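Summary of the model geometry
Listed below are the residues making up each chain.
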Amino acid sequence: MTELITPYTISVSALTISLVSLLFQQIRWRESNRPIVSAYICDAKKGGNISKASWFNLVFINSGAIPASNVCLQVKESDLNKIFSDDIKEVEKG
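Now for a quick tour of the structure.

So, how was this worked out
- Each residue is numbered by its place in its chain's sequence as written, counting from 1.
- In view of the model being predicted, local features appear only for residues whose pLDDT reaches at least 70, and side-chain atom pairs are presented and counted only at 80 or more, with totals across whole chains, interfaces and linings using the full set of residues.
- Hydrogens and waters are ignored; side-chain quantities use all the structure's heavy atoms.
- In this description a helix means any DSSP run of H or I spanning at least four residues, a strand means any run of E spanning at least two, and both kinds are numbered starting from the N terminus.
- Think of it in three bands: with a 1.4 Å probe and only protein chains considered, a residue is buried below 20% of the maximum accessible area for its type, exposed above 50%, and partly exposed in between.
- Pairs of residues are marked as contacts when any of their non-hydrogen atoms sit within 4.5 Å.
- Each patch is assembled from residues with relative accessible area greater than 30% and no salt bridge, linking like charges that lie within 9 Å and nonpolar side chains (Val, Leu, Ile, Met, Phe, Trp, Tyr) that lie within 5 Å.
- Areas reported here follow the Shrake-Rupley algorithm with a probe of radius 1.4 Å; residue values treat only the protein chains shown as occluding.
- Only one rule defines a salt bridge in this text: a Lys or Arg side-chain nitrogen within 4 Å of an Asp or Glu carboxyl oxygen.

Here we look at the overall build of the chain
On a plain count of helices and strands, the chain comes out with three helices and two strands. Tracing the chain from N to C terminus, the helices and strands come up as α-β-β-α-α. Burial status across the chain gives 2% buried among its 94 residues. Sequence separation of at least 24 residues holds for 36% of the intrachain contacts in the chain that already meet a minimum separation of 6.

Here it is, written out as structure tokens:
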């Protein structure tokens with residue numbers, strides 16, 4: 001009768017456990033060391049020399065552990081349309 005626990009079986013089992021452990025460690029590292037980018041508006045002002053104009057400073061903060069790259073802003077078109085009043089021309093929105 002052959003033995004179930006052989007040096008070959010132990011080696012293959014250890015290698016499998018090591019590879020699975022490495023995979024889980026890589027997943028956990030990516031979750032904990034990701035860039036966390038927040039954006040907020042500060043110093044919003046309305047009016048000034050130009051009528052119906054407003055301006056603001058858009059500030060980005062990276063509070064993650066690694067630098068953020070290729071940051072992209074996304075907004076729903078319905079939310080964007082709420083910002084502009086009805087009498088602004090389409091050309092001025094762009």
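What follows picks up the thread again.
Considering unusual backbone geometry
Its identity is not glycine, yet N70 carries a phi of approximately 55 degrees, on the positive side. Relative to the assigned elements, N70 resides in the loop between strand 2 (54-62) and helix 2 (77-83). Classification of N70 by relative accessible area gives exposed; the value is 78%.

What to know about a nonpolar patch on the surface
A cluster of nonpolar residues, V37, I41, F56, L58, F60, V71 and L73, forms a patch on the protein surface that exposes about 660 Å² of accessible area. Elements with a contribution of two residues or more to the nonpolar patch: strand 1 (37-46) and strand 2. When residues in the nonpolar patch are grouped by element, the largest group, three residues, is from strand 2. Counting through the fold element by element, L73 comes out in the loop between strand 2 and helix 2.

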